[in-house]
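Chain and residue survey
Below are the chains, spelled out letter by letter.
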Amino acid sequence: MLLLAFETSCDETSAAVIHDGGVLSNVVSSQIKLHAEYGGVVPELAAREHLRNLLPVTRTALAEAGISAGELDAVAATYGPGLPTALMIGCKAAQAVAFQLRKPFVGIHHHEAHLYSPWISGNPVRARFDEFQSNVSLIVSGGHTLLIHVRSELNHRVLGSTVDDAAGECFDKCGKLLGLPYPAGPIIDRLAAGGNSSAYAFPRPLIREDHDDFSFSGLKTSVRYFIRDHPAVLEDQQMIRDLCASVQAAIVDVLVEKTIRAARRLGVSCVTASGGVTCNSTLRRRLAARCERFGFQLRLADPNLCTDNAAMIGVLAGRKLGQQPAGMNWDTDIVPGLQLA
Ligand code: KG4
Ligand code: ZN
């Protein structure tokens with residue numbers, strides 16, 4: 001099964017070629033620099049960039065994989081959730097290619113794809129479905145914070161999500177209060193390495209609540225008030241590092257403790273994580289330590305598969321196509337991405 005996949009849900013234009021679960025190419029063109037001057041993703045600019053970049057990115061993905069479009073067996077794209085105009089570009093391009101080749105189009109739910117990115121690894125890079133175990137999965141990015149119970153392959157239940165800001169959004173907004181450029185998450189990660197995480201006490205919202213939802217807007221507000229009341233901290237490089245470490249510790253504590261508690265409650269043997277915030281070094285370290293303490297296997301998405309990419313879309317599409325009933329009419333039936341139940 002040779003598959004071309006597109007991901008254009010937010011600010012990454014990506015195309016990948018997947019062959020029987022093996023990632024032959026995964027080309028990602030990031031728009032971060034374009035949106036940085038606006039302090040966040042501007043949907044109209046994102047859509048225009050996808051229009052500009054999708055074709056060259058696709059040509060590169062096909063060339064790196066060493067195949068021509070005529071050899072494809074199927075085409076996949078993220079159908080949601082995401083920025084509507086951005087999604088439309090990837091989806092309509094994929095449908096057009098599928099229509100022209102008279103091959104199936106597979107629509108993929110973005111979060112569902114993130115659930116499987118921790119299972120893509122190795123050299124050569126490929127999907128490791130043979131190693132799959134039921135798990136509790138943390139999806140944590142600039143737009144989403146979700147805890148999901150993956151009961152078996154393609155069988156998931158959302159346990160909780162954020163009721164306000166996403167964790168990545170909290171990193172970025174706290175960074176803005178500190179005068180850091182967008183996206184501030186990776187910068188806070190770097191500065192925090194030289195700081196004291198106990199220097200300042202910030203709240204850990206909902207950490208002890210008996211449910212799996214998250215809330216980060218109150219933490220951001222307390223950082224705002226702290227800076228208003230202690231403006232001198234922004235004049236001192238060591239205090240800024242301490243502040244970064246303290247804010248990061250509060251976010252990471254909540255993410256890690258709620259994930260571990262859900263995993264213990266549900267009796268799974270494995271914890272996984274993906275999404276841009278999973279690049280955070282303290283989150284990776286803390287999850288590893290807590291999983292070791294409770295005997296969970298931990299699978300973290302590789303840093304270049306944490307952020308949005310078409311490889312995870314194509315890998316999941318290939319898996320779904322493999323499970324379609326024989327005799328399906330590809331000319332009329334669109335394979336739907338499963339909704340997360
Ligand atoms: O998954 P992603 O690339 O895009 C979406 O939001 O969909 O995630 C981007 C988010 C941003 O909020 C960024 O600040 C955060 O991930 N991020 C990090 C780190 N790397 C990226 N946050 C904390 N530490 C990092 N190392
Ligand atoms: Zn994502």
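Residues numbered from 1 in each chain as written. Chains lettered and ligands numbered in written order. Predicted model: local features only at pLDDT ≥ 70, side-chain atom pairs only at ≥ 80, totals over all residues. Heavy atoms only, no water.

It is worth spelling out the pairing of strand β1 (residues 2–7) at this point. The element β1 is extensively covered by neighbouring structure, given that 6 of its 6 residues are classed as buried. Side chains of β1 alternate between two faces, with Leu2, Leu4 and Phe6 and Leu3, Ala5 and Glu7 buried alike. Both β1 and strand β2 (residues 12–19) contribute to a ladder of 6 bridges, which runs antiparallel. The partner of Leu3 across the bridge, within β2, is Ile18. Linking two consecutive strands that pair antiparallel, namely β1 and β2, is a turn of 4 residues. Relative to strand β4 (residues 74–80), β1 runs parallel, the two being bridged by 4 bridges. Within the sheet, the bridge partner assigned to Phe6 lies in β4 and is Ala77. (Buried < 20%, exposed > 50% of the residue type's maximum accessible area, 1.4 Å probe, protein only. Helix = DSSP H or I, 4+ residues; strand = E, 2+ residues; numbered from the N terminus. Pairing = 2+ DSSP bridges.)

What follows is about the nonpolar core. One finds Phe202, Phe216, Leu219, Leu243, Ile251, Leu255 and Leu283 to be the most contacted residues of the largest nonpolar core, which totals 47 residues. Put simply, the parts of the chain that give this core at least two residues each are β8 (135–140), α5 (167–177), α6 (185–192), α7 (217–229), α8 (237–266), β11 (270–274) and α9 (281–294). Here the element with the most residues in this core is α8; it accounts for 14 residues. Setting aside its immediate chain neighbours within four residues, Leu243 contacts Leu178, Tyr200, Phe202, Phe226, Ile227 and Val233. (Core = buried A, V, L, I, M, F, W, Y, C linked by side-chain atoms within 4.5 Å. Contact = heavy atoms within 4.5 Å.)

Pairing is mixed across the open sheet formed by 5 strands, whose spatial order is β10-β9-β8-β11-β12. The strands lining the two open edges of the sheet, one partner per strand, are β10 (155–161) and β12 (297–300). Here the strands of the sheet are splayed against their neighbours by 20° on average, with no regard to which way each runs. Sheet analysis places strand β9 (residues 145–152) next to β10, joined by 6 bridges and oriented antiparallel. (Axes fitted to C-alpha atoms, helices over the stretch in contact; angles between N-to-C directions.)

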